[in-house]
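# Observations on the three-dimensional arrangement
Here are the chains, one letter per residue:
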Amino acid sequence: MPLMPKRVKYRKQTKGNRKGFATSGATLAYGDYGVKALTRGWVKSTQIEACRVVMNRFMKRKGNLWVRIFPDKPVTKKPIGVRMGGGKGNPEFWVAVVLPGKILFEIGGVPEATARECLRLADSKLGIRTQLVSRAH
């Protein structure tokens, strides 16, 4: 079951505005190491889940993992082979809107080498550029 809201007020949303930089969620709040977004974009629920799985597997369920983003925006698509017009398509998948500076994942309770490798693996699953951040800096 992919990450998605339990219920929403409206089934379809507009594309929205992705200008500016992240103001909330831009600093480490829980763990010692984290992944910070450098570019803006949409992160699909499947990408978030893939990151979570690969990090938990690498840590062998030691330490803690916090996912700081949630896909709460539905993206619609029209079926292949359908002509223009006829209204907006049906919701196909869910995305989290990510602005530069947003912390995506945090890790705590593991050595630095483990955390670095974990977050590197997660970075490879995402479609946006990221940077590793730590409390030391």
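Right above here is the structure, for reference.
Residues numbered from 1 in each chain as written. Predicted model: local features only at pLDDT ≥ 70, side-chain atom pairs only at ≥ 80, totals over all residues. Heavy atoms only, no water.

Geometrically, a packed helix pair is captured by the angle between its two axes and the distance between the axes. Viewed as axis vectors pointing N to C, helix H1 (residues 45-59) and helix H2 (residues 112-125) meet at an angle of 155 degrees, and their least axial separation amounts to 9 Å. One element, H1, and the other, H2, form an angle in the roughly antiparallel class. Note on packing geometry: the crossing formed by H1 with H2 is right-handed. In this structure, H1 contributes Gln-47, Ala-50, Cys-51, Val-54, Met-55, Phe-58 and Met-59 to the contact, and H2 contributes Thr-114, Glu-117, Cys-118, Leu-119, Leu-121, Ala-122 and Lys-125. Partitioning the contact of H1 with H2 into residue classes produces ten nonpolar, two polar and two charged. (Axes fitted to C-alpha atoms, helices over the stretch in contact; angles between N-to-C directions. Helix = DSSP H or I, 4+ residues; strand = E, 2+ residues; numbered from the N terminus. Parallel < 35°, antiparallel > 145°, perpendicular 65-115°, else oblique. Left-handed = near helix turned anticlockwise from the far one by under 90°. Contact = heavy atoms within 4.5 Å. Nonpolar A, V, L, I, M, F, W, Y, C, P; charged D, E, K, R; others polar.)

Spacing of three or four residues puts side chains on the same side of an α-helix, whose turn is 3.6 residues. Relative to the 21 Å expected for 15 residues at 1.5 Å per residue, H1 spans 21 Å between its end C-alpha atoms, a close match to the ideal helical length. When H1 is considered as a whole, its buried residues turn out to be Ser-45, Gln-47, Ile-48, Cys-51, Val-54, Met-55 and Met-59. Looking at the buried positions of H1, the neighbouring elements they touch are strand E2 (41-44), strand E3 (64-67), strand E5 (90-98), strand E6 (103-108) and H2. Residue Lys-60 follows H1 closely and has a positive phi angle near 55 degrees. (Expected span 1.5 Å × (residues − 1). Buried < 20%, exposed > 50% of the residue type's maximum accessible area, 1.4 Å probe, protein only.)

Any functional reading would require information that these geometric values do not contain.
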